[in-house]
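An overview of the molecular structure
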Amino acid sequence: MLFPVDSTVISLTSKLFWQEGYHQVKLLNGFSLTENLTSAAVLAFGERHDLSFREEVIDLIPENAVAIMDRGFASWRLIDERCEGNKRFVVHIKNNVRTELNQDRYRVVYFCNLLSKVEFQLGANLRSLTDEEVAELYRQRWRIENLWKMH
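Described below are features of the structure shown in this document. (Residues numbered from 1 in each chain as written. Predicted model: local features only at pLDDT ≥ 70, side-chain atom pairs only at ≥ 80, totals over all residues. Heavy atoms only, no water.)

A short note on the environment of Gly21
Inspection of the secondary structure assignment puts Gly21 in the loop between helix H1 (15-19) and strand E2 (24-32). For Gly21, a relative accessible area of 48% gives the class partly exposed. Residues Gly21 and Phe45, spaced 24 residues apart in sequence, show a C-alpha to C-alpha distance of 9.4 Å. (Helix = DSSP H or I, 4+ residues; strand = E, 2+ residues; numbered from the N terminus. Buried < 20%, exposed > 50% of the residue type's maximum accessible area, 1.4 Å probe, protein only.)

Next up, the structure:
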């Protein structure tokens, strides 16, 4: 089961929220592509980085799923925690991040989008898949995200 996880920031316009000092809320959740269902949503008022949701992200991922995440969720600590919890994942790693590779637990897959001429680094703990198959999983997440933006 493919399970993209992402977050978005929603600007709050209510004077009641602004009076309390809240100008935005971050919504984080996942989506099962197989079952066509969303996960429970995590809401946080104020400004928080995706990495501050480490525990919530790990809890969102179903046992039989492969979490597919963007760069906001990429940290070696979060990757290690996902491996310890036996959660399967593909995460986009920023190109300027030094890869501290633990080859027993995960690997880094490199691929290039020839149309946009952008190189990607993906961290993954999917041993049974080839590099090309891991890259295709991430491409599927990217295609779905762009379809959401179009609607």
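Section: helix H3 (residues 76-84)
Within H3, the full set of buried residues consists of Trp76, Leu78, Ile79, Arg82 and Cys83. Buried residues in H3, looked at end-on, bunch into an arc of 165 degrees, giving them a common side. Residues of H3 that are exposed and point more than 90 degrees away from the buried face comprise Arg77 and Glu84. For H3, the secondary structure elements touched by its buried residues are helix H2 (54-60), strand E5 (66-69) and strand E6 (88-93). (Arc of directions from axis to C-beta. Contact = heavy atoms within 4.5 Å.)

Let's talk about the pairing of strand E7 (residues 107-113)
Of all seven residues making up E7, five are buried, and the element is well covered by its neighbours. Strand direction decides the pairing type here: E7 and strand E8 (residues 118-124), joined by seven bridges, are antiparallel. Paired with Arg107 across the strands is Ala124, a residue of E8. Once E7 ends, the chain turns through four residues before running back antiparallel as E8, passing Lys117 with a positive phi of about 60 degrees. (Pairing = 2+ DSSP bridges.)

Some remarks on the nonpolar core
With 23 residues, the main nonpolar core has Val5, Leu28, Val57, Met69, Phe73, Ile79 and Phe89 as its most contacted residues. Taken together, the elements giving at least two residues each to this core come down to strand E1 (2-11), strand E4 (42-45), H2, E5, H3 and E6. Counting residues per element, this core draws most heavily on H3, which supplies four residues. If sequence neighbours within four positions are ignored, Met69 has contacts with Val5, Val57, Arg82, Phe89, Val90, Val91, His92, Tyr138 and Arg141. Counting residues in each nonpolar core, the second largest holds 14 residues, with Val66, Leu126, Val134 and Ala135 among its members. (Core = buried A, V, L, I, M, F, W, Y, C linked by side-chain atoms within 4.5 Å.)

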